[in-house]
Protein chains: 2
Amino acid sequence: MRMAELSRESGVAIATIKYYQREGLLPPGELSSPNQARYGAEHVRRLKLVRALLEIGGLPIAGVREVLAGIDEPRTSTHDVLGVVQHSLPALRAEADVADRAWAMGLIEAMCAERGWEPPPGAPLIESLVGVLCAFRTVGHEWVLDALGRYAESADRIAAADIDGVARLGTTEAIVEGAVVGTVLGDALLATLRRVAQAETSRQRFGNQ
Amino acid sequence: MRMAELSRESGVAIATIKYYQREGLLPPGELSSPNQARYGAEHVRRLKLVRALLEIGGLPIAGVREVLAGIDEPRTSTHDVLGVVQHSLPALRAEADVADRAWAMGLIEAMCAERGWEPPPGAPLIESLVGVLCAFRTVGHEWVLDALGRYAESADRIAAADIDGVARLGTTEAIVEGAVVGTVLGDALLATLRRVAQAETSRQRFGNQ
């Protein structure tokens with residue numbers, strides 16, 4: 001199909017498609033003449049994915065580019081594939097001084113022991129977690145972390161559902177794209193469901209106060 | 001304290017503090033002379049909150065401004081307070097055609113029935129949820145939603161912990177700020193814990209494959 005049809009099929013404006021191409025988010029079409037490129041179903045699919053990552057996932061352009069590079073790289077084991085997806089997603093970074101870091105690591109070690117988690121030392125995810133925990137402390141709301149165990153338990157249940165779902169996908173391509181979509185859109189889904197559940201719980205508990 | 005001390009206490013550079021003031025994120029200090037303002041502990045606290053919302057919560061400047069306006073407005077009941085916080089936080093918006101919307105509403109109604117949730121019709125949160133669900137369908141990964149019930153159950157457990165924690169805070173100010181911090185930083189916490197749990201689950205399940 002030509003650019004105009006690609007735009008109709010994907011629901012993305014031509015100017016936006018050209019912008020994504022300049023940013024490296026969409027592979028070029030096949031040249032059918034020096035000024036004319038042809039696009040296929042994979043371009044439609046990729047455009048929809050880019051849209052979802054930007055608009056629902058809230059990733060920056062550079063983040064989408066990294067995630068797509070992760071999707072397009074050939075992988076071996078399913079565990080490696082999922083690891084690459086996680087590494088390609090933007091990570092939180094936050095500063096923490098020595099005392100705060102020690103406090104956060106204490107919480108994390110207790111949580112990991114309770115859940116039977118054995119993350120490798122120095123894992124980037126654990127660094128992100130240190131940053132988030134210290135942020136609660138910096139703003140004086142570390143009381144939220146009284147519920148850390150309940151958060152971790154829920155995260156474990158959700159992760160089990162995630163991995164169940166991804167494992168059912170057949171090909172490596174499907175697993176990689178599924179993991180990206182499940183992680184990025186899944187964050188948005190979970191955050192929205194949490195707000196719905198908070199509103200319901202608050203209504204039930206305080207509705208008449 | 002003066003600006004230089006405010007900067008030291010909060011760990012935020014003077015130029016950044018002035019930028020936040022121009023953007024309306026920090027109330028002015030009390031003028032002690034025409035060119036000299038004095039700041040108090042509440043400015044330090046507010047600066048730390050702004051930092052956390054921007055850097056860990058990932059809110060845009062305009063989002064932080066709205067959230068702070070929600071914090072500073074006087075409220076009556078705890079349920080109203082929590083509602084205002086939710087409304088002030090940036091909401092997802094995504095387009096959905098009639099068929100997709102009907103499909104999403106079907107999933108949402110079944111989920112609400114299962115959980116005993118009764119959100120008011122046309123609630124903005126339900127609109128956000130429609131957008132997220134349709135995004136999964138648009139990218140061809142609606143299989144993730146097979147786990148919607150498990151996601152909702154986890155969201156319910158987490159919301160119960162959130163509301164328990166908030167309810168223990170004494171004053172309205174503390175409840176409002178606590179709800180903002182718990183919601184925004186809580187999203188980051190949950191997303192990070194989910195990735196840690198995914199990595200652990202993947203390692204246990206596929207580690208040797």
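Treat the numbers as computed from the prediction; the structure is a model and nothing was measured.

(A) Structural view of the interface of chain B and chain A. Contacts between the two partners involve 87 residues from chain B and, on the opposite side, 87 residues from chain A. For the chain B and chain A pair, buried surface summed over both sides reaches about 7900 Å², with 68% attributable to carbon and sulfur atoms. Where chain B packs against chain A, one counts 14 salt bridges. Residue Asp164 of chain A pairs with Arg205 of chain B through a salt bridge whose shortest N-O separation is 2.6 Å. Counting the contacts that link chain B with chain A gives 22 residue pairs in polar contact (both at pLDDT 80 or more). Elements supplying a minimum of two residues to the side of chain B that touches chain A: α3 (41-55), α5 (78-88), α7 (124-138), α8 (148-168) and α9 (172-206) of chain B. No other element matches the 28 residues that α9 of chain B contributes to the side of chain B that touches chain A. Tallied by class, residues from the side of chain B that touches chain A come to 46 nonpolar, 22 polar and 19 charged.

(B) Spatial organisation of the environment of Ala188 of chain B. Residues and elements named next belong to chain B. Within the secondary structure, Ala188 is located in helix α9. Judged by relative accessible area, which is 9%, Ala188 ranks as buried. As a C-alpha pair, Ala188 and Trp117 span 71 residues in sequence and 25 Å in three-dimensional space.

(C) How the structure looks around the nonpolar core. Membership of the largest hydrophobic core comes to 136 residues, with the highest contact counts inside it found for Leu189 and Leu193 of chain A together with Leu189 and Leu193 of chain B. Every residue in contact with Leu193 of chain B, bar those within four places of it in the chain, is listed here: Met111, Trp117, Leu129, Leu148, Tyr151, Ala152 and Ala155 of chain A.

(D) Broad picture of the packing of helix α9 (residues 172-206) of chain A against α8 of chain B. Between α9 of chain A and α8 of chain B, the shortest axis-to-axis distance is 7 Å and the interhelical angle comes to 50°. As the angle between them shows, α9 of chain A and α8 of chain B are arranged oblique. Helix-helix and strand crossings are classified by hand; for α9 of chain A and α8 of chain B the assignment is right-handed. In contact with Gly182, Gly186, Leu189, Leu190, Leu193, Arg194, Ala197, Gln198, Thr201, Ser202, Arg205 and Phe206 of chain A of α9 of chain A, α8 of chain B contributes Leu148, Tyr151, Ala152, Ala155, Asp156, Ile158, Ala159, Ala160, Asp162, Ile163, Asp164 and Ala167 of chain B. Looking at side-chain class alone, the contact of α9 of chain A with α8 of chain B contains 14 nonpolar, five polar and five charged residues.

(E) Examining the domain arrangement of chain A more closely. All names here are of chain A. When its domains are assigned, chain A resolves into domain 1 (3-55) and domain 2 (68-206). A C-alpha centroid distance of 32 Å is found between domain 1 and domain 2. Listed as interface residues are seven residues of domain 1 and, on the opposing side, eight residues of domain 2. When the two sides are added together, the surface that domain 1 and domain 2 hide from each other amounts to roughly 660 Å², 68% of it contributed by carbon and sulfur. Interface area lost by domain 1 to domain 2 is led by Arg46, Leu49 and Leu53, which between them contribute 71%. Our enumeration of links across domain 1 and domain 2 arrives at one salt bridge.

(F) Quick look at the relation of the copies chain B and chain A. Rotating chain B by 180° and moving it 0.0 Å along the rotation axis overlays it on chain A with an RMSD of 0.0 Å. Here the symmetry operator amounts to a two-fold rotation axis. In terms of C-alpha distance to the rotation axis, chain B has Ser154 of chain B as its closest residue, with the C-alpha 2.6 Å off the axis.

(G) Region of the structure containing the UniProt feature "domain: HTH merR-type" (unreviewed entry) in chain A. Cross-referencing UniProt, the feature "domain: HTH merR-type" (unreviewed entry) maps to residues 1-70 of chain A in the present numbering. Helix makes up 60% of residues 1-70 of chain A and strand 10%. Its end C-alpha atoms lie 27 Å apart.

(H) Geometry of the packing of aromatic side chains. For the structure shown, the criterion picks out two aromatic pairs over all chains. Plain terms: the ring middles of Tyr19 of chain A and Tyr20 of chain A are 6.1 Å apart, the flat faces sit at 45° to each other, and that makes the pair tilted. Among the residues examined, Tyr19 of chain A registers a relative accessible area of 33% and is labelled partly exposed. In this structure, Arg137 of chain B packs its charged tip against the face of Trp103 of chain B, placed 4.5 Å from the ring centre.

What counts, and at which threshold
- Residues numbered from 1 in each chain as written.
- Chains lettered and ligands numbered in written order.
- Predicted model: local features only at pLDDT ≥ 70, side-chain atom pairs only at ≥ 80, totals over all residues.
- Heavy atoms only, no water.
- Contact = heavy atoms within 4.5 Å.
- Buried area = accessible area lost by both parts, 1.4 Å probe.
- Salt bridge = Lys/Arg side-chain N within 4 Å of Asp/Glu carboxyl O.
- Polar contact = N/O pair within 3.5 Å; in protein donor to acceptor, adjacent residues only side chain to side chain.
- Helix = DSSP H or I, 4+ residues; strand = E, 2+ residues; numbered from the N terminus.
- Nonpolar A, V, L, I, M, F, W, Y, C, P; charged D, E, K, R; others polar.
- Buried < 20%, exposed > 50% of the residue type's maximum accessible area, 1.4 Å probe, protein only.
- Core = buried A, V, L, I, M, F, W, Y, C linked by side-chain atoms within 4.5 Å.
- Axes fitted to C-alpha atoms, helices over the stretch in contact; angles between N-to-C directions.
- Parallel < 35°, antiparallel > 145°, perpendicular 65-115°, else oblique.
- Left-handed = near helix turned anticlockwise from the far one by under 90°.
- Domains from an automatic or database assignment.
- Least-squares fit on C-alpha atoms with pLDDT ≥ 70 in both.
- UniProt positions renumbered as here; feature names shortened; annotations may be inferred.
- Phe/Tyr/Trp six-rings, centres within 6.5 Å; stacked < 30°, edge-to-face > 60°.
- Lys NZ or Arg CZ within 6 Å of the ring centre and 35° of its normal.

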